[in-house]
Structure formats: structure tokens, C-alpha cells
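The lines below spell out each chain.
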Amino acid sequence: QQQVKQSPQSLIVQKGGISIINCAYENTAFDYFPWYQQFPGKGPALLIAIRPDVSEKKEGRFTISFNKSAKQFSLHIMDSQPGDSATYFCAACYNQGGKLIFGQGTELSVKP
Amino acid sequence: ETGVTQTPRHLVMGMTNKKSLKCEQHLGHNAMYWYKQSAKKPLELMFVYNFKEQTENNSVPSRFSPECPNSSHLFLHLHTLQPEDSALYLCASSQDFGNTEAFFGQGTRLTVV
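Given the structure is predicted, the values throughout are model-derived calculations rather than measurements.

## With respect to the interface of chain B and chain A
Next, step 1: Taken together, the contact between chain B and chain A spans 21 residues of the former and 22 residues of the latter.
Next, step 2: Across the chain B to chain A interface the summed buried area is about 1800 Å²; carbon plus sulfur atoms make up 52%.
Next, step 3: Across the chain B-chain A interface, the total number found is zero salt bridges.
Next, step 4: Counting across the interface, chain B meets chain A through three residue pairs in polar contact (both at pLDDT 80 or more).
Next, step 5: Among the secondary structure elements, those contributing two or more residues to the side of chain B that touches chain A are β4 (31–37), β9 (87–94) and β10 (102–104) of chain B.

Shown next as C-alpha cells:
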């Protein structure tokens, strides 16, 4: 119930392509779904987040798609760039619980 | 920089040593967290402090001992660790305890020999 499952574990995309990372959850009480980006030697940093009252949120080249009925959400990176190469983590949280539950992470490599 | 500073960045310690990790935040946040990040695993929440009070201990072995003397500082005291405790230890803070943005430090890379 507390798990967040993330796929794929690794992803290689050509420059200019679309990167798609998927996450699924079980706990319907989750009401906050952030994505974190982590570069080597750095801590994770918030990239974009969504709440379940909307189905999509876009910030620049990054879009979260949210499917409440399927209990799934995904990150789309449009026009992927080599500088996007990092590890991406999805997470989920519910207000009463407080703590972020993280997915396993996806290592993205964007080839020039 | 995220406003969350961790020291040291790297630490090598023997199994009989005692050492401490330090975390400091200048963001005025009320909640602070310790996470463990091992290769190929999700970030594991270890401890949560809200207004200096420990609100969660996620079944962490007693060889890890947290301390939160004030809302800006968080320590993780280590003693008699095992090689499997080698990992990246991340500190984070958030404005409140709940679904708000967490800011992470750069972590301490711990190696237990």
C-alpha cells in the first residue's frame, strides 16, 4: 500500500526525443505527487509536482500526466537534451502521513 | 545551493568507530528528515523531526541515533556500523510536515570498512 513503483530503471533517449517515465501507486490517500531530479554528487531537487485534482501539469519541457482511476502518473520530457541526463525519482505523499514515498528511480541518459 | 548543507561530504569509518553527520538548514523550515540512498533502491526515510520533535523512526537500527537540538540543525550519530550501512545519507527539510516541497542537501557518502 505504501509502495510507489517506477519504470523503467534506465532509459536512453536521443537528443530531441521524448523521455517518458512511469509510476504507479496503491494508496488512494496519496494527494501529492512530485518528481525529483538528481545529478551525480548532488541531492535530489524538486522538478515538478501535481495534485490529483488535475490530469496534467506542464512546466517548460516537463509535463506530468496523472490518471487517478488507474493510479498512475508519468513524467514526459519533451525535446530531451544531454543536460537532462540524471536520475529521476517519482514520489507520493498524503497530508496526514507527511512522509514522501519514493520510487526506485530512473537513470536517464540523453545521447547527443 | 538548496539552503540545506551537509557535512562531511565523504566519510570512511571502521565498524568500531563513532562518528556524526551534520545537517544545517537556513530556510526557516519546521520539518527535517534523514534519508538513506543505496544503489538501485528507493530513497528510504529514516527519521522525521517536526518542530524539533521526532515524529517518525522508520524501524531504523539503534546504531543510528538522530539528534535535533533546534529547528535548524539535525545530526545523525553513528556507532558500530556494518558494511551494509555504506550509502549516501541525505538530509532534507520542508516548511511543514506534510505534502510540501522537500529540499535536499548534497548528502554524505558513507563507507564502512
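## Brief notes about the pairing of strand β6 (residues 53–57) of chain B
Residues and elements named next belong to chain B.
Next, step 1: In this structure, strand β5 (residues 44–50) lies alongside β6, joined through four bridges in antiparallel fashion. In the sheet register, Tyr49 faces β6, and the bridge partner there is Gln54.
Next, step 2: Where β5 folds back on β6, the antiparallel hairpin that results is connected by two residues, among which Phe51 adopts a positive phi of roughly 50 degrees.

## Section: the nonpolar core
Next, step 1: Counting 25 residues, the largest nonpolar core has Phe33(A), Trp35(A), Phe73(A), Leu75(A) and Tyr88(A) as its most contacted members.
Next, step 2: Of all elements in the fold, only β2 (10–14), β3 (19–25), β4 (33–38), β5 (45–50), β7 (62–67), β8 (72–77), β9 (86–92) and β11 (106–111) of chain A reach the threshold of two or more residues within this core.
Next, step 3: Looking at this core element by element, the count peaks at four residues for β9(A).
Next, step 4: Judged by nonpolar contacts, the second largest core, of 22 residues, contains Phe47(B), Tyr49(B), Leu78(B) and Val112(B).

## Regarding the environment of Thr80(B)
All names here are of chain B.
Next, step 1: Mapped onto the elements of the fold, Thr80 is located in the loop between β8 (73–79) and β9.
Next, step 2: Distance in space between the C-alpha atoms of Thr80 and Ser38 is 19 Å, their sequence separation being 42 residues.
Next, step 3: Residues in contact with Thr80, not counting those within four places in the same chain, are Met15, Asn17 and Arg63.
Next, step 4: Within the structure, the side chain of Thr80 is placed 3.4 Å from the side chain of His79, a separation counted as a polar contact.

Calculation notes
Residues numbered from 1 in each chain as written. Chains lettered and ligands numbered in written order. Predicted model: local features only at pLDDT ≥ 70, side-chain atom pairs only at ≥ 80, totals over all residues. Heavy atoms only, no water. Contact = heavy atoms within 4.5 Å. Buried area = accessible area lost by both parts, 1.4 Å probe. Salt bridge = Lys/Arg side-chain N within 4 Å of Asp/Glu carboxyl O. Polar contact = N/O pair within 3.5 Å; in protein donor to acceptor, adjacent residues only side chain to side chain. Helix = DSSP H or I, 4+ residues; strand = E, 2+ residues; numbered from the N terminus. Pairing = 2+ DSSP bridges. Core = buried A, V, L, I, M, F, W, Y, C linked by side-chain atoms within 4.5 Å. Buried < 20%, exposed > 50% of the residue type's maximum accessible area, 1.4 Å probe, protein only.

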